[in-house]
Amino acid sequence: QVQLVESGGGLVQAGGSLRLSCAVSGRTFGMNTMGWFRQAPGKEREFVAAIMWSDSSTYYAASVKGRFTISRDNAKNTVFLQMNSLKPEDTADYYCAANRLRSATPRSAPSYEYWGQGTQVTVSS
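About the thresholds
Starting afresh in each chain, residues are numbered from 1 along the sequence in its written order. Given that this is a predicted model, residues contribute local features only at a pLDDT of at least 70 and side-chain atom pairs are listed and counted only at 80 or more, while totals for whole chains, interfaces and linings are drawn from all residues. Only hydrogens and water are set aside when side-chain values are computed; all heavy atoms of the structure are taken into account. Throughout, exposure labels follow a simple rule: accessible area from a 1.4 Å probe, protein chains only, divided by the maximum for the residue type, with under 20% read as buried, over 50% as exposed, and the rest as partly exposed. Helix and strand assignments follow DSSP, with helices taken as H or I runs no shorter than four residues and strands as E runs no shorter than two, numbered in order from the N terminus. One requirement defines pairing of two strands: DSSP has to find at least two bridges between them. Axes here refer to lines fitted to C-alpha atoms; in helices the fit is confined to the stretch in contact. Angles between the N-to-C directions go from 0 to 180 degrees.

(A) A look at the pairing of strand β5 (residues 46-52). In terms of burial, β5 is largely enclosed, as six of its seven residues are buried. The pairing of strand β4 (residues 33-39) with β5 spans six bridges and is antiparallel. Bridge assignment links Gly35 to a residue of β5, and that residue is Ala50. From the end of β4 to the start of β5, which pair antiparallel, there are six residues, and Gly42 there has a positive phi angle of about 75 degrees. Strand direction decides the pairing type here: β5 and strand β6 (residues 58-60), joined by three bridges, are antiparallel. Along β6, the bridge assignment pairs Ala50 with Tyr59. Counted between consecutive antiparallel strands, the loop separating β5 from β6 contains five residues, among which Ser56 sits at a positive phi close to 65 degrees.

(B) The sheet that holds strand β3 (residues 18-25), seen in detail. Read across the sheet, four strands follow the order β1-β3-β8-β7 without closing on themselves; strand pairing throughout is antiparallel. One side of each edge strand has no neighbouring strand; the edge strands of this open sheet are β1 (3-7) and β7 (68-73). The mean inter-strand angle of the sheet, taken between neighbouring strand axes irrespective of direction, is 15 degrees. Relative to strand β8 (residues 78-83), β3 runs antiparallel, the two sharing six bridges. Paired with Arg19 across the strands is Gln82, a residue of β8.

Note that every value here comes from positions in space, so none of it alone points to a role or purpose.
Structure (C-alpha cells):
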C-alpha cells in the first residue's frame, strides 16, 4: 500500500518561509500526480499546487503562484512545497496527496486516492 508522511509545518511570522516535505512509501511506480491542498478553520479544502511525477509539469493556485514552489525527488520518493513570503491567510492544515490515474485533474481533490495526515502551518502577523 501507499503511505504519505508529511513534515515541515510549524509557526512562522508573516514574510517568512517554510519547506514542507511529503515522503511516499510503498509502490510508487506508476504514480501520476502529486498535490498539496490546505484547509483553514471554517473553510473548504482548497488546491495549492500539483506536480506530475513523470515530467515535472506543475500547477498552482492563483493565491500562491510566485510565492510557493512544488518539486519532487523521484529517487527519494519525496515531494516538497517551498513556501515563501508567507501571509496570515496561508494559515491552514496542509495535506499531501497522490493519484495514479492519467485522467486525474490536478486541481481537484476528488482526483487523489492517497492522502497524508496533514501538517499545521501557522503564520502570525
